[in-house]
Amino acid sequence: MELKQETVLYDVNNQIATITLNRPNVKNALNDEMHHELFESFKEAERDSNVSVIVLQGAGDAFCSGADLKSASLNDRTAFDYGDSLRDTYNRLILTITQIQKPIIAHINGIAVGAGLSIALACDFRVAAYDAKMALSFLNIGLVPDAGASYFLPRIVGYAKALELGLGQMISAEEAYRINLINQIGTPEELAKQLTETPLEAFGLMKTTMRESYEHSLSEILEKEVHAQRLAGQTEDHAKAVQKFLTKRS
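Residues numbered from 1 in each chain as written. Predicted model: local features only at pLDDT ≥ 70, side-chain atom pairs only at ≥ 80, totals over all residues. Heavy atoms only, no water.

Chemist: Please set out the overall build of the protein chain residue by residue, giving values where relevant.
Modeler: Regarding its fold elements, the protein chain presents twelve helices and ten strands. In terms of overall size, the protein chain behaves like a compact globule, its C-alpha atoms giving a radius of gyration of 19 Å where 250 residues would be expected to give roughly 18 Å. Projected onto its principal axes, the C-alpha positions of the protein chain cover 70 × 40 × 35 Å. For the protein chain, the proportion of its 250 residues judged to be buried stands at 45%. Partitioning the intrachain contacts of the protein chain with sequence separation of at least 6 by distance along the chain shows that 69% fall at a separation of at least 24. (Helix = DSSP H or I, 4+ residues; strand = E, 2+ residues; numbered from the N terminus. Rg over C-alpha atoms; globule rule 2.2 N^0.38 Å. Buried < 20%, exposed > 50% of the residue type's maximum accessible area, 1.4 Å probe, protein only. Contact = heavy atoms within 4.5 Å.)

Chemist: Residue-level account of a nonpolar patch on the surface, with values.
Modeler: Taken together, the side chains of Val-242, Phe-245 and Leu-246 make up a nonpolar region of the molecular surface, amounting to roughly 270 Å² of accessible area. In this fold, Phe-245 is placed in helix α12 (residues 236–249). (Patch = residues over 30% accessible without salt bridge, like charges linked within 9 Å, V, L, I, M, F, W, Y side chains within 5 Å. Areas by Shrake-Rupley, 256 points an atom, 1.4 Å probe, with all protein chains shown as cover. Salt bridge = Lys/Arg side-chain N within 4 Å of Asp/Glu carboxyl O.)

Chemist: Explain the environment of His-227 to me, and be specific about the residues and the numbers.
Modeler: Of note, His-227 is situated in helix α11 (residues 218–232). For the pair His-227 and Leu-205, spaced 22 residues apart in sequence, the C-alpha separation works out to 9.3 Å.

Chemist: How would you summarise the pattern of salt bridges if you had to cite specific residues and measurements?
Modeler: In total, this model carries twelve salt bridges according to the counting rule given. Between Asp-124 and Arg-211 there is a salt bridge, with its nearest N and O atoms 3.8 Å apart. With Asp-124 in the loop between α5 (115–122) and β7 (125–128) and Arg-211 in helix α10 (residues 200–212), this residue pair connects regions lying 87 residues apart in the sequence. Judged by relative accessible area, Asp-124 falls into the buried class, the value being 16%.

Chemist: Could you give me a rundown of the packing of aromatic side chains, with the residues and numbers involved?
Modeler: Applying the stated rule across the entire model yields two aromatic pairs. Measuring from centroid to centroid gives 5.0 Å for Tyr-151 and Phe-152, while their planes differ by 85°, and the two rings are edge-to-face. Using a relative accessible area of 7% as the deciding quantity, one classes Phe-152 as buried. If you follow Arg-92 out to its NZ or CZ, it ends over the ring of Phe-39, 3.7 Å from the centre. Lying over the aromatic face of Tyr-214, Arg-155 brings its terminal NZ or CZ to 5.0 Å of the ring centre. (Phe/Tyr/Trp six-rings, centres within 6.5 Å; stacked < 30°, edge-to-face > 60°. Lys NZ or Arg CZ within 6 Å of the ring centre and 35° of its normal.)

Chemist: Which residues make up the packing of helix α4 (residues 90–99) against α5, and what are the values?
Modeler: The interhelical angle for the contact between α4 and α5, taken along N-to-C directions, is 25°, at an axis separation of 9 Å. Taken together, the axis directions place α4 and α5 in an arrangement best described as roughly parallel. The hand of the α4/α5 crossing is right-handed. The residues of α5 that touch α4, namely those facing Tyr-90, Leu-93, Ile-94, Ile-97 and Thr-98, are Ala-115, Ser-118, Ile-119 and Ala-122. (Axes fitted to C-alpha atoms, helices over the stretch in contact; angles between N-to-C directions. Parallel < 35°, antiparallel > 145°, perpendicular 65-115°, else oblique. Left-handed = near helix turned anticlockwise from the far one by under 90°.)

Chemist: Help me get a handle on empty space enclosed by the protein, residues and values and all.
Modeler: Tallying each qualifying case throughout the model produces one cavity of 30 Å³ or more. Roughly 40 Å³ of internal volume is contained in the largest cavity. Of the residues assigned to the lining of the largest cavity, the class counts are eight nonpolar, one polar and no charged. (1 Å grid on protein atoms, 1.4 Å probe; cavity = no way out; pocket = protein on both sides within 12 Å on 5 of 7 lines; lining within 4 Å. Points joined across faces, edges and corners; volume = space filled by probe spheres on them. Nonpolar A, V, L, I, M, F, W, Y, C, P; charged D, E, K, R; others polar.)

Geometric descriptors of this kind do not, in isolation, establish any biological role.
Here it is as structure tokens:
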């Protein structure tokens with residue numbers, strides 16, 4: 001399916017869906033139209049059986065500079081409610097990203113600040129360009145981290161470091177890698193190719209179980225592993241892998 005969009009580009013090649021934020025003149029800042037098109041792009045990638053991996057990136061020299069503070073809705077301060085806006089835009093998007101069972105890579109190809117960084121945190125993997133810069137800059141404008149940052153960041157880097165990053169200091173890709181905020185420095189092609197060869201159903205089950213481990217006890221997670229392993233053991237990927245192993249052994 002071809003998505004006719006302006007603020008988000010969508011392309012599928014070799015089982016990889018590339019979703020590109022396409023407002024380079026404003027560092028890919030998010031407005032209402034981009035929210036809608038980004039949501040539609042992720043849903044299409046989820047539906048498409050030809051897609052095994054999703055890569056999210058930005059056009060030009062930026063990943064995403066966060067919310068477009070010059071958008072019409074934000075300018076109307078008398079009628080604008082930040083909470084209502086979050087529910088209608090970012091919350092829907094973040095929940096969609098986390099519920100997709102396919103691997104999702106955020107390619108942080110430039111600056112990622114505010115909600116732009118929050119969206120990257122919701123992805124499964126983060127690969128940053130060598131010259132990328134990142135900041136959770138909400139406090140700089142008198143707001144609190146949102147779009148899932150309060151959930152993901154402490155889990156990724158720890159509570160104390162998350163609070164420190166919440167102060168808004170810009171960090172480099174090297175520092176982000178040192179504190180485990182990103183998985184790799186460079187480009188995502190090799191990782192994306194590796195993930196296309198990963199058993200998709202087993203990956204989705206692993207992703208769900210690991211993410212749920214934060215909210216459940218050990219005994220509950222052990223039972224969730226029982227359920228996940230039962231499902232994985234019934235997949236075609238598992239049957240093929242076992243047969244391949246047995247053939248090699250014989």
